[in-house]
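A look at the structure
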Amino acid sequence: MDNHTAMIECENLVKIYKTKDIEVLALQGLELRVETGEMMAIIGNSGSGKSTFLNMIGGLDRPSAGRLIVDGKDLFKLNDQQLVDYKRRTVGFVWQNNARNLMPYLTAWQNVQMPMLFEKNVKKKKQRALELLELVGLAHKKHSRLTQMSGGEQQRVAVAISLANNPKLLLADEPTGSVDAKTGAYILDVFRIINRDLGLTTIIVTHDPLLAKKVNRVVAIRDGKIASERIMKQSYLTRLEDIDAFTQTEEVQDEYAVLDRANRLQIPKEMLEKIGHSGNRLKVSMQDGKIILESPDE
């Protein structure tokens, strides 16, 4: 695949947080490529590095080492003003905490107009905001203040705000974390419509396994690097439009271990537990052209 088709190219990305007494290695050589127009989820336990990665590609924090290209821009080479411009023009953010997205004393319509500071045509600004509210299914609530809206409705307003400046990349950090499962499924469907209709590259960080099963590609981050990927099985791709399709625990994605540059891989902890494995060794063998990993013989 041609390099220019990628929205994000991330190679050997490292992030170290230093304080007076301690150094924390949040990202440890993370490698990832995200294609333009792709919609994907990133999962991982607390402290795995998934939110740190989102902050890196969102321009909210600078990487310590490695290579990070987003929309053809080398984020290591941007000065402070260029980084501000990048955040304003390239990236849209949706946070779990609505206080980071919204101004509660304004109406939904006014909230969506707020990021359009440089649009001097008031009529055009209002029309654009109304179109975005229609996109997230809230045009009928345009005059409602945030205090008159449910948590799910507020989050949909936040999605509309994130699109106000026509970003090329939409980043969502636990966007369904503070709503119930049914509302969360609806919000995910809004993201899918945006991705489909606008072709907007969308990355969702989540800990919700059901939500993760409803996107084509899921990347698991463990200990600051990519541990595995899950890709939607071809037979299920046609069912992605159905909000209620994956309420069962059936496996809808194939799981892949991801090799690093030295051909090392991480085996998902859940799989090791299923074979009753302990210790730091696995028996490796070849059988019929397959690499077999098993617990060592006693």
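Rules behind the numbers
Residues numbered from 1 in each chain as written. Predicted model: local features only at pLDDT ≥ 70, side-chain atom pairs only at ≥ 80, totals over all residues. Heavy atoms only, no water. Helix = DSSP H or I, 4+ residues; strand = E, 2+ residues; numbered from the N terminus. Buried < 20%, exposed > 50% of the residue type's maximum accessible area, 1.4 Å probe, protein only. Contact = heavy atoms within 4.5 Å. Areas by Shrake-Rupley, 256 points an atom, 1.4 Å probe, with all protein chains shown as cover. Patch = residues over 30% accessible without salt bridge, like charges linked within 9 Å, V, L, I, M, F, W, Y side chains within 5 Å. Salt bridge = Lys/Arg side-chain N within 4 Å of Asp/Glu carboxyl O. Pairing = 2+ DSSP bridges.

With respect to the overall build of the protein chain
If you tally the helices and strands in the protein chain, you get nine helices and 13 strands. Counting all 298 residues of the protein chain, 45% fall into the buried class. Considering only contacts within the protein chain whose residues lie at least 6 apart along the sequence, 64% involve residues at least 24 apart. Carbon and sulfur atoms make up 49% of the accessible area of the protein chain, which totals about 16,500 Å².

Examining a nonpolar patch on the surface
Where nonpolar side chains cluster on the molecular surface, the patch consists of Leu265, Val284, Met286, Ile291 and Leu293 and spans about 510 Å² of accessible area. If you list the elements that add at least two residues to the nonpolar patch, you get strand E12 (283-287) and strand E13 (290-294). The topology assignment puts Ile291 in strand E13.

A look at the sheet that holds strand E4 (residues 65-70)
One open sheet holds the four strands; their spatial order is E2-E1-E4-E5, and the pairing between them is antiparallel. Edge strands, defined here as strands with exactly one partner in the open sheet, are strand E2 (23-35) and strand E5 (73-74). Sheet analysis places strand E1 (residues 6-18) next to E4, joined by five bridges and oriented antiparallel. Bridging from a neighbouring strand, Glu9 pairs with Ile69 of E4.

Here's the deal with the pattern of salt bridges
Taken as a whole, this structure holds 13 salt bridges when the rule is applied. With a closest N to O distance of 3.6 Å, Lys141 and Glu153 form a salt bridge. Of the two residues, Lys141 is situated in the loop between helix H4 (122-135) and helix H5 (151-162) and Glu153 in helix H5; the sequence distance between them amounts to 12 residues. By relative accessible area, which is 14% here, Glu153 ends up buried. Its salt-bridge partner being Asp189, residue Arg192 comes within 2.9 Å of it at the nearest N-O pair. Here the residue Arg192 and the residue Asp189 both occupy positions in helix H6 (residues 181-198), the gap between them amounting to three residues, near one helical turn. For the pair Arg192 and Asp189, one class covers both residues: buried. Several salt bridges share partner residues, and in doing so they unite Glu9, Arg33 and Glu35 into one network.

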